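Next come the chains, spelled out residue by residue.
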Amino acid sequence: MGTDSLLRTTAPSMMTEFLRQSGGIAIIDGGFATELERYGADLNDPLWSAKCLLTSPHLVRQVHLDYLEAGADIILTASYQATIQGFEAKGYSREESETFLRKSVEIACEARTVYNERCDINASGTEKDGKVIKRRPILVAASVGSYGAYLADGSEYSGIYGDAITVQALKDFHRRRVQVLVESGPDLIAFETIPNKIEAQAYAELLEEEDIKIPAWFSFNSKDGVHVVSGDSVAECASIADSSKKVVAVGINCTPPRFIHGLVLAIKKVTSKPVLIYPNSGETYDPNRKEWVQSTGVSDEDFVSYVKKWCEDGASLVGGCCRTTPNTIRAIYGKLSDRFLSQE
């Protein structure tokens, strides 16, 4: 069963079948902004990586390809920081803003098509020059960052929005953005770096109100291995995701690797849905200086050394977030190279 037929199944069974075809564990891509900067992009802007949708779409496609060639089974669109409100604040019209959102999905789908064509040429399915050129089901996930990410003031790392921000206000903020992304043709929608319970509730209600037809995942960020960054219980947040029939996986991203073991176990206690984890490098983000403090991170070798344990704990989708690279994902792919053997 290929990607096309896979997507004709219902939402929960789609993820189950996708994981089966992926050997029981699927690999998510890694950090995006770091790679765009490595190619020379200037991201010193409230739009962050979404800026490249306007200025350098060819770089966005190249980073997607880099991750596919590193072994990623799921690529996330460059829409994490892309909001209609954010584009309008830069002087773009509502129509132009929606076009940029669609473009994020189109570029990722184009990258998948280009990659599949390369795989068809390399029919043997072997690695070439360290690149994974192998036909397999690949999903495009439309990334939705939190309201805090739009504010670009570091509140995505605190989850403190103030009393004026209600569930209804968050639904109103995200509604059209989610509609446009879903209409653009991704395979699933990824609500990422969710910093608090109120935004998770807003997403869950929005999925129902808009009768979103594609699957979704919820991914939270944690500050201590027990709570999300706002102080809300990880278990309570994961329970919100578990209660939504539209959500097919729940987990953690943009969190130091040292916290993942306990977080996976905590999430497994409240849901039977697949657990996804894509931590950051362990570095600390300084919202005032708007940069990462490098001395706090771990090497690719140390990061990857945790992967088998996370999978033993119950994670079934694994990748990287901020400051991880295609080299990180390539190393994860190598670490999980025996995942198909267990099915034989």
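Residues numbered from 1 in each chain as written. Predicted model: local features only at pLDDT ≥ 70, side-chain atom pairs only at ≥ 80, totals over all residues. Heavy atoms only, no water.

Draft legend 1. Representation of the overall build of the chain in the model. A count of helices and strands for the chain gives 15 helices and twelve strands. In the chain, which comprises 344 residues, the share counted as buried stands at 58%. The long-range share in the chain, meaning contacts at least 24 apart out of those at least 6 apart in sequence, stands at 77%. For the chain, the computed accessible surface area is about 13700 Å², with 49% contributed by carbon and sulfur atoms. (Helix = DSSP H or I, 4+ residues; strand = E, 2+ residues; numbered from the N terminus. Buried < 20%, exposed > 50% of the residue type's maximum accessible area, 1.4 Å probe, protein only. Contact = heavy atoms within 4.5 Å. Areas by Shrake-Rupley, 256 points an atom, 1.4 Å probe, with all protein chains shown as cover.)

Draft legend 2. View of the packing of helix α7 (residues 94-121) against helix α9 (residues 167-183). Contact geometry for α7 and α9: axes closest at 8 Å, N-to-C directions at 45°. Considered as vectors, α7 and α9 are oriented oblique to each other. Note that α7 runs across α9; the crossing there is right-handed. Touching Arg94, Glu98, Leu101, Arg102, Ser104 and Val105 of α7 are Arg176, Arg177, Val180, Leu181 and Glu183, all from α9. (Axes fitted to C-alpha atoms, helices over the stretch in contact; angles between N-to-C directions. Parallel < 35°, antiparallel > 145°, perpendicular 65-115°, else oblique. Left-handed = near helix turned anticlockwise from the far one by under 90°.)

Draft legend 3. Molecular detail of the packing of helix α5 (residues 57-70) against α7. In contact at an axis separation of 9 Å, α5 and α7 are set at 45° when each is read in the N-to-C sense. Comparing their axes, α7 and α5 come out oblique. Considering how the two elements wind past one another, α5 and α7 form a crossing that is right-handed. Here α5 contributes Pro57, Val60, Arg61, His64, Leu65, Leu68 and Glu69 to the contact with α7, which in turn contributes Lys103, Ile107, Ala108, Glu110, Ala111, Arg112, Val114, Tyr115 and Arg118.

Draft legend 4. Structural context of the nonpolar core. By size, the foremost hydrophobic cluster in this structure holds 84 residues, and its most contacted members are Phe191 and Phe218. With ten residues, the single largest contributor to this core is α7. Membership of the second largest hydrophobic core comes to 21 residues, among which are Ala141, Ala190, Cys254 and Cys321. (Core = buried A, V, L, I, M, F, W, Y, C linked by side-chain atoms within 4.5 Å.)

Draft legend 5. Summary view of helix α15 (residues 326-335). Listed in full, the buried residues belonging to α15 are Pro326, Thr328, Ile329, Ile332 and Tyr333. Along the long axis of α15, the arc covered by the buried residues comes to 155°, so they all point the same way. (Arc of directions from axis to C-beta.)

Draft legend 6. Spatial organisation of the sheet that holds strand β5 (residues 139-144). Taken in spatial order, the eight strands of this open sheet run β1-β12-β9-β8-β7-β6-β5-β2, and their pairing is parallel. Pairing within the sheet leaves two strands with one partner each, and these edge strands are β1 (26-27) and β2 (74-76). Of the strand pairs in this sheet, strand β9 (residues 275-278) and strand β12 (residues 315-318) are connected by three bridges, and their pairing is parallel. Residue Leu276 lies in a different strand from β12, and its bridge partner there is Leu317. Strand contacts of α9: β5 and β6 (188-194), with the helix running at about 165° to β5, the strand carrying the most contacts. (Pairing = 2+ DSSP bridges.)

Draft legend 7. Quick peek at unusual backbone geometry. Of note, Thr193 is a non-glycine position whose phi angle comes to about 50°, a positive value. Within the secondary structure, Thr193 sits in strand β6. You can call Thr193 buried: its relative accessible area is 2%. For Arg323, which is not glycine, the phi dihedral falls at a positive 75°. Topologically, Arg323 is positioned in the loop between β12 and α15. Assessed through its relative accessible area of 22%, Arg323 is described here as partly exposed.

Draft legend 8. Structural view of the packing of aromatic side chains. Counting across every chain of the model gives twelve aromatic pairs. Between Phe191 and Tyr203 the ring centres are 4.2 Å apart and the planes differ by 35°, which places this aromatic pair in the tilted class. Residue Phe191 is found in strand β6, and its partner Tyr203 is found in helix α10 (residues 197-209); the two are separated by twelve residues along the sequence. Residues Phe191 and Tyr203 agree in their burial class; the two are buried. Note on Phe303 and Trp310: the rings are 5.7 Å apart at their centroids and 85° apart in plane angle, and the pair reads as edge-to-face. Take Phe303 and Trp310: they sit in the same class, and that class is buried. Feature note: the residues Tyr147, Tyr150, Tyr161 and Phe173 constitute an aromatic cluster, connected by ring pairs. The lysine or arginine in question, Arg38, covers the ring of Tyr39, its NZ or CZ lying 4.9 Å from the ring centre. (Phe/Tyr/Trp six-rings, centres within 6.5 Å; stacked < 30°, edge-to-face > 60°. Lys NZ or Arg CZ within 6 Å of the ring centre and 35° of its normal.)

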